[in-house]
Amino acid sequence: PSRYAEAIDAYNEALKEYLRDRVPEQWALAQSNIGKSHLALARTENASENLKAAIAAQRLALEVLTIDNAAIDWANANDGLGMALLNLGSMEMTSAYSEEAEMAFQNVPKVFTREKQPLQWAFAQNNLGDVYWNRGVLSRNKALLEQSLTFFDAAKEGLQLAGNLMMAPLLDQKIKVVQQQLAAL
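Residues numbered from 1 in each chain as written. Predicted model: local features only at pLDDT ≥ 70, side-chain atom pairs only at ≥ 80, totals over all residues. Heavy atoms only, no water.

### Notes on the environment of I67
For step 1, the next point in the chain: With respect to the helices, strands and loops of the structure, I67 is situated in the loop between helix 3 (47-64) and helix 4 (71-92).
For step 2, the next point in the chain: A relative accessible area of 34% means that I67 is categorised as partly exposed.
For step 3, the next point in the chain: Residues I67 and N107 lie 40 residues apart in sequence; the distance between their C-alpha atoms is 9.0 Å.
For step 4, the next point in the chain: Setting aside its immediate chain neighbours within four residues, I67 contacts W74, K110 and V111. (Helix = DSSP H or I, 4+ residues; strand = E, 2+ residues; numbered from the N terminus. Buried < 20%, exposed > 50% of the residue type's maximum accessible area, 1.4 Å probe, protein only. Contact = heavy atoms within 4.5 Å.)

This is how it looks when you write it as structure tokens:
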């Protein structure tokens, strides 16, 4: 955890040199890395504060990064934004952040396609499944829970295409829980 705090400090120092108007892409990458560090730090301390800081940093990065000027960095910043929003919504037991999280996660497969990067595509499908799952649980909405299953199945397919089944047992577990929740509605 202290390493993440040190990383945040280092990136903030870098921002003294990487000025947005002089080197916008470097500035945006530093912002995105600050966001990633806050997201990681949120797992161990000041979760709400760090998630909000992660969201703010990724939003700043996405003011500069675009699919046209830095596609991979743009997709990664969208993923980081989506993760921070999803985690904050889960922690606060609200779907208030789910629409923006969904939009961010939907951007990721525009770069990391099923055909070219099936593993990253699978992670995006899993994350979209988590958004729908959270929404479905909070609203007791059968259609949203069913949509989460579609995303989780797509994620499993992506893992198989990538030849990386490490996450498959977790997906199987999620699918089983969602099916149980659907049966209970």
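### Here's the deal with the pattern of salt bridges
For step 1, the next point in the chain: Enumeration according to the criterion identifies nine salt bridges in this entry.
For step 2, the next point in the chain: Across the salt bridge formed by K16 and E13, the nearest N and O atoms sit 2.7 Å from each other.
For step 3, the next point in the chain: A residue is classified by how much of its surface remains accessible, and E13, at 46% relative accessible area, is partly exposed.
For step 4, the next point in the chain: Across the salt bridge formed by R59 and E100, the nearest N and O atoms sit 2.6 Å from each other. Of this pair, R59 sits in helix 3 while E100 sits in helix 5 (residues 98-107), and the two are 41 residues apart along the sequence.
For step 5, the next point in the chain: Through salt bridges with shared partners, a single network forms among R114, E115 and E157. (Salt bridge = Lys/Arg side-chain N within 4 Å of Asp/Glu carboxyl O.)

### Notes on the confidence of the model for the protein chain
For step 1, the next point in the chain: Taken residue by residue, the protein chain gives an average pLDDT of 96. The fraction at 70 or more is 99%.
For step 2, the next point in the chain: Predicted confidence in the protein chain is weakest over helix 1 (residues 2-14), with a mean pLDDT of 95, and strongest over helix 3, with 98. (pLDDT = per-residue confidence, 0-100.)

### Regarding the packing of aromatic side chains
For step 1, the next point in the chain: Enumeration according to the criterion identifies two aromatic pairs in this entry.
For step 2, the next point in the chain: Seen in terms of ring centroids, Y132 and F151 are 5.3 Å apart; in terms of plane orientation they differ by 35°. Their pairing is tilted. On the criterion of sequence distance, the pair formed by Y132 in helix 6 (residues 118-139) and F151 in helix 7 (residues 142-162) is long-range, its members being 19 residues apart. Per residue, the accessibility class of Y132 equals that of F151, and both read buried.
For step 3, the next point in the chain: Here W133 and F152 contribute two aromatic rings whose centre-to-centre distance is 5.9 Å and whose plane-to-plane angle is 90°, an arrangement assigned as edge-to-face. Remark: F152 occurs in helix 7 and W133 occurs in helix 6; sequence separation between them is 19 residues.
For step 4, the next point in the chain: Overall, W133 belongs to the buried group, its relative accessible area being 16%.
For step 5, the next point in the chain: Owing to a relative accessible area of 0%, F152 belongs among the buried residues under this scheme.
For step 6, the next point in the chain: Over the ring of Y132 we find R135; its NZ or CZ atom is 5.2 Å from the centre of that ring. (Phe/Tyr/Trp six-rings, centres within 6.5 Å; stacked < 30°, edge-to-face > 60°. Lys NZ or Arg CZ within 6 Å of the ring centre and 35° of its normal.)

### Looking at the nonpolar core
For step 1, the next point in the chain: Grouped together as the largest cluster of nonpolar side chains are 18 residues, with contacts concentrated most on L51, I55, A84 and F105.
For step 2, the next point in the chain: Elements represented by at least two residues in this core include exactly helix 3, helix 4, helix 5, helix 6 and helix 7.
For step 3, the next point in the chain: Tallying contributions element by element places helix 4 first for this core, with five residues.
For step 4, the next point in the chain: With residues near it in sequence (within four places) discarded, A84 still touches L39, L51, A54 and I55.
For step 5, the next point in the chain: If you look at the next biggest cluster of nonpolar residues, it comprises 17 residues, including L15, W74, V108 and A124. (Core = buried A, V, L, I, M, F, W, Y, C linked by side-chain atoms within 4.5 Å.)

### So, helix 5
For step 1, the next point in the chain: When helix 5 is considered as a whole, its buried residues turn out to be S98, A101, E102, A104, F105 and N107.
For step 2, the next point in the chain: In this structure, the buried side of helix 5 is in contact with helix 4 and helix 6.

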